[in-house]
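# Examining the three-dimensional arrangement
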Amino acid sequence: MTHTPDSPRDEDATDASVEPIVASGVDDEAVEPNRRVFQGGKWWLFGVLAVAYTVFHLVSLNIYPIETWSFRIIHIAGALILGFGLYTGSRFVEDGQDGAPRWASVIALALLLPAGYALIQVVLMQQTMAGGAMRIEPAIENWHYGAPLILATVGAIALSWFPRQARHQLLLADVVLMVCAAAVAGYLLVVFNSPLRASTGTSFAPMGISWAAISGSLLILELTRRVAGLALVVISAIFLAYVFMGPWLPGFLGYPGLSLGRFFSQVYTDAGILGPTTAVSSTYIILFIIFAAFLQASKVGDYFVNFAFAGAGRARGGPAKVSIFASGLMGMINGTSAGNVVSTGSLTIPLMKKVGYPARSAGAIEAAASTGGQIMPPIMGAGAFIMAEITGIPYTEIAVAALIPAILYFASVYFMVDFEAARKGMRGMRKEEIPQFSKLIKQVYLFAPIIILITALFMGYSVIRAGTLATASAAVVSWLSPHKMGIRSILRALSLAGTMSIQIIAVCACAGLIVGVIALTGVGARFSSLLLGLAGVSQLLALFFAMCISILLGMGMPTTAAYAVAASVVAPGLIDIGIQPLVAHFFVFYFAVVSAITPPVALASYAAAGISGDNAMGTSVASFKIGLAAFIVPFMFFYSPAMLMEGDWPQILRVGTTATIGIILLAATVQAWFFGPVKAWQRLVMLIGALCLISGGIVTDLAGLAIAIGLFVMQRASGGGTRSATAG
């Protein structure tokens, strides 16, 4: 497909009627297909709950800290209660259709009795323990708490899959699940704030811990299914099955096995669900979600996209380059690749199609650009916070280390887009079609919250303190803009933060379940020994195997969960074969991120295909091609750690510069265009030159530069530059 640019006469004729494209609605709250939209009293109830949930975190993190396990238990319980209230387990009825049958309401009402009874027992247990008892009678834990809790949990989950109701109605089965979540949290708070906490994982552990953990795990899996799909739930189920099937499995997968009581008495501790993933979601992630909600309330997202239009809209293939810049900026306030696609893609994808990009290319470019937002410093994706928690490396060091990889990724996508636009003769947007930069520059103060965040981090403030200051500054800065945040807007932002946090908290808790299985069964250590064996043959083979496992674990999963699981399974093995912890975790993190554009299950590509109207699998393959550099660069972390700011400044500067040139050559190889059309043999030579430059060695850099200069001279001599200029 070749686009013929409009003639000057046509442009002049239409200038008078052209309206500038001004982004709006980027910051509007997205309502998922299975999310309830309440009215009246229920709207007020869940609004107050969401605000209270957010305020609880702000107060606990900044003013009045509480005991760690208790804080994390309440953190998960609040998300479960809000999640089951806001997200349905089945589809909504269409107008005119009948809602849930009467029998479903009768069964749900019956299930409310054992759920309520279990909750009452928790209150009685607390009074017993407060009266000086050392533990609860096993019969009470098993038959008066455990049995009714499991009955209500399993019954309500099953019941919630079938009945359908109107979008503004709350299903009674979900009320049962909310009560069960409160009963689980209540019991764990009672037991874990007593000497019985030390008994977890032993034969002395109260069986009530296991019943609460089983119910809590089922609730987490069900909420994850509702907010993140089946992929993570299926993987979690496989890991849970492994716990009890270990004695019958062959080879390195086999292990003696764990009893039901012993496993579940430990999995709802900091060895599993309350471990690193929830530690991060309850501190850094929830805080930056609040920051993002305040930015959205002050319409900073609209400003970011308009700023990108003004800066890149007139370049050839302008909307595609706008997508790259806007997605990079939005990635700093949006925690997921697919969410980033929906925020910016609804505007940029139709415009890309308008200037000549096929629907497939438009969707692929947006998916690849939005995925890059996850590795964009300073905030990056939530996975970076988990990396800091697991490795103990300060978050500021991780953000600095991510700088060159982020530049390489976005440079790759940018030049892929630019060379395709040149090859197809596409134009940019006309001056009259884009927002006026002179007007936007007057609102540049809207970048202040992000600048304050970066400055505070590098001044040595903690991530929590820096995030809180940035959140407060977002409200203050809004008073200079047309979208001033008063009391009502601040309450709306707090409510939005509580709602936005549900998905990531459920995903982190579910990932914690998998991490618990890995830790308690020792499968991670056995995988490390397998990597050690491969490294004895070839370290490159071991790295390739680690890449495949990281991508496989990440398919269909949000980035946070993908990284958390891969960091538990793959990263320790890489460290054991002699790779630095920072390099090993960045290797895994990079592939966890790009799993969002890796066929056959590519969440970001699927979201983009839904907007562009193209085939989902075709868009996945195209986005994989555009993000190709992301599958090569992580290998260079191992061969050239200077890419992660490890080394002296001359070395870092050399590696960063030559790798960027290599990325440009790689984009030219894929698009068959440099300063003009590229022949087949030239593409092969160009690929060799690109790999030489990306690898980071002095000799390979010189060889790659020689190839790049030679090809440049050949292109200019054959008149390629003229053709390129004409295309632009």
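Summarised in this report is the structure supplied together with it. Keep in mind that this is a model prediction, so the values were computed, not measured.

## Describing the overall build of the protein
For the protein, the count of helices and strands is 33 helices and 0 strands. Scaling as 2.2 N^0.38, a compact globule of 728 residues should have a C-alpha radius of gyration of about 27 Å, and the protein matches this with 27 Å. Here the C-alpha coordinates of the protein stretch approximately 90 × 65 × 50 Å along the principal axes. Across the 728 residues of the protein, 58% fall into the buried class. Within the protein, contacts between residues at least 6 apart in sequence are counted, and of these 79% link residues at least 24 apart. Roughly 28,000 Å² of accessible area belongs to the protein as shown, and the carbon and sulfur atoms make up 68% of that amount. Positive and negative side-chain charges in the protein, numbering 39 and 32 respectively, have mean positions lying 3 Å apart.

## Concerning the environment of Ala411
As for its placement among the helices and strands, Ala411 is situated in helix H17 (residues 403-424). Sequence separation between Ala411 and Ile157 is 254 residues, and the spatial gap between their C-alpha atoms is 47 Å.

## Digging into the packing of helix H21 (residues 487-521) against helix H24 (residues 559-569)
Interhelical geometry of H21 versus H24 gives an angle of 15° and a closest axis separation of 9 Å. The angle between the axes of H21 and H24 places the two elements in the roughly parallel class. For the pair H21 and H24, the sense of crossing is right-handed. Counting all contacts with H21, which are made through Ile504, Val507, Cys508, Ala511, Ile514, Val515 and Ile518, the residues of H24 involved are Thr560, Ala561, Ala564, Val565, Ser568 and Val569.

## Quick look at the pattern of salt bridges
Two side chains bearing opposite charge may form a pair once their charged atoms approach each other closely. In the structure shown here, the tally under the stated rule is 10 salt bridges. Residue Glu222 pairs with Arg225 through a salt bridge whose shortest N-O separation is 2.9 Å. With a gap of 3 residues between them, Glu222 and Arg225 both fall in helix H7 (residues 207-228), about one helical turn apart. Given the relative accessible area of 4%, Glu222 is considered buried. Residue classification places Arg225 among the partly exposed residues on the basis of a relative accessible area of 23%. A salt bridge links Lys424 to Glu420; its shortest N-O distance comes to 2.9 Å. Taken as a pair, Lys424 and Glu420 lie in helix H17 at a separation of 4 residues, close to a single helical turn. Relative accessible area serves as the criterion here: at 5%, Glu420 is assigned to the buried category. One salt-bridge network, held together by shared partners, links Arg36, Asp174, Glu222, Arg225 and Arg226.

## Topic: helix H19 (residues 448-458)
Of the positions making up H19, those classed as buried are Pro449, Ile450, Leu453, Ala456 and Leu457. For H19, the buried positions fall inside an angular range of 130° around the axis, keeping them on one side. Count one or two residues on from H19 and you reach Gly460, which has phi positive near 100°.

## A word on the environment of Ile694
Residue position: Ile694 is located in helix H31 (residues 680-695). Remark: the alpha-carbon pair of Ile694 and Met636, spanning 58 residues in sequence, is separated by 7.0 Å. Residues within four places of Ile694 in sequence aside, it is in contact with Ile632, Met636, Met643, Ala659, Gly662 and Ile663.

## Some points on helix H28 (residues 616-626)
Structural remark: α-helix, 3.6 residues per turn; residues separated by three or four positions point the same way. Within the sequence span of H28, burial applies to Gly618, Thr619, Ser620, Ala622, Ser623 and Ile626. Looking at the buried residues of H28, the elements they touch are helix H14 (359-372), H17 and helix H27 (603-612). Measuring from the backbone nitrogen of Met617 back to the side-chain oxygen at the start of H28 gives 2.9 Å, which picks out Asn615 as the cap.

## Quick look at the nonpolar core
Ranked by size, the top nonpolar core spans 240 residues in total, and within it Tyr357, Leu574 and Phe586 carry the most contacts. Examining the composition of this core, we find that 18 residues originate from one element, H21, more than from any other. Dropping the residues within four chain positions of it, Phe586 is found in contact with Met380, Met387, Ile398, Ala401, Ala402, Phe637 and Leu644. Counting 9 residues, the second largest nonpolar core, distinct from the first, contains Phe309, Val322, Ala326 and Leu351.

## Remarks on unusual backbone geometry
Glycine aside, a negative phi is what most residues show, and trans is what most peptide bonds show. Pro599 connects to Pro600 through a cis peptide bond whose omega is 5°. A positive phi angle, near 65°, is found at Lys299, a position not held by glycine. Mapped onto the elements, Lys299 comes out in the loop between helix H10 (276-297) and helix H11 (300-312). By relative accessible area, which is 23% here, Lys299 ends up partly exposed. In this model, Met645 sits at a positive phi of 65°, which is unusual for a non-glycine residue. Take Met645: it is sitting in the loop between helix H29 (633-639) and helix H30 (649-671). A residue is classified by how much of its surface remains accessible, and Met645, at 18% relative accessible area, is buried.

## Observations regarding a nonpolar patch on the surface
Together, Val55, Val59, Ile63, Tyr64, Ile66 and Ile74 make up an exposed nonpolar region whose accessible area comes to about 510 Å². Here Tyr64 lies in the loop between helix H2 (40-62) and helix H3 (68-86). Residue Tyr64 is classed as exposed on the basis of its relative accessible area, which comes to 58%.

## Notes on the packing of aromatic side chains
A full pass over the atoms with the stated rule returns 35 aromatic pairs. For the pair Tyr303 and Phe447, a centre-to-centre distance of 5.7 Å together with 70° between the ring planes defines the contact as edge-to-face. Of the two residues, Tyr303 sits in helix H11 while Phe447 sits in the loop between helix H18 (437-440) and H19, which places them 144 residues apart along the sequence. Residue classification places Tyr303 among the buried positions, given a relative accessible area of 3%. We classify Phe447 as buried; its relative accessible area is 16%. Their ring planes at 85° and their centres at 6.2 Å tell us that Phe586 and Phe637 sit as a pair that is edge-to-face. Taken as a pair, Phe586 in helix H26 (residues 581-594) and Phe637 in helix H29 lie far apart in primary sequence, 51 residues in all.

## Remarks on the side chain of Thr283
With respect to the helices, strands and loops of the structure, Thr283 is situated in helix H10. Those residues within four positions of Thr283 in sequence are excluded, and the remaining contacts are Leu61, Phe71 and Ile464.

## Describing the packing of H14 against H28
H28 packs onto H14 with a crossing angle of 55° between their chain directions and a minimal axis gap of 8 Å. As judged from the angle between their axes, H14 and H28 are oblique. Two packed elements cross with a definite hand, and for H14 against H28 that hand is right-handed. Of H28, the residues touching H14 (which contributes Arg360, Ser361, Gly363, Ala364, Ile365, Ala367 and Ala368) are Gly618, Thr619, Ala622, Ser623 and Ile626.

Cut-offs applied
- Residues numbered from 1 in each chain as written.
- Predicted model: local features only at pLDDT ≥ 70, side-chain atom pairs only at ≥ 80, totals over all residues.
- Heavy atoms only, no water.
- Helix = DSSP H or I, 4+ residues; strand = E, 2+ residues; numbered from the N terminus.
- Rg over C-alpha atoms; globule rule 2.2 N^0.38 Å.
- Buried < 20%, exposed > 50% of the residue type's maximum accessible area, 1.4 Å probe, protein only.
- Contact = heavy atoms within 4.5 Å.
- Areas by Shrake-Rupley, 256 points an atom, 1.4 Å probe, with all protein chains shown as cover.
- Lys, Arg positive; Asp, Glu negative; His and termini not counted.
- Charge placed at Lys NZ, Arg CZ, Asp CG, Glu CD.
- Axes fitted to C-alpha atoms, helices over the stretch in contact; angles between N-to-C directions.
- Parallel < 35°, antiparallel > 145°, perpendicular 65-115°, else oblique.
- Left-handed = near helix turned anticlockwise from the far one by under 90°.
- Salt bridge = Lys/Arg side-chain N within 4 Å of Asp/Glu carboxyl O.
- Arc of directions from axis to C-beta.
- Polar contact = N/O pair within 3.5 Å; in protein donor to acceptor, adjacent residues only side chain to side chain.
- Core = buried A, V, L, I, M, F, W, Y, C linked by side-chain atoms within 4.5 Å.
- Patch = residues over 30% accessible without salt bridge, like charges linked within 9 Å, V, L, I, M, F, W, Y side chains within 5 Å.
- Phe/Tyr/Trp six-rings, centres within 6.5 Å; stacked < 30°, edge-to-face > 60°.

As far as function goes, none of this settles anything; it's purely spatial.
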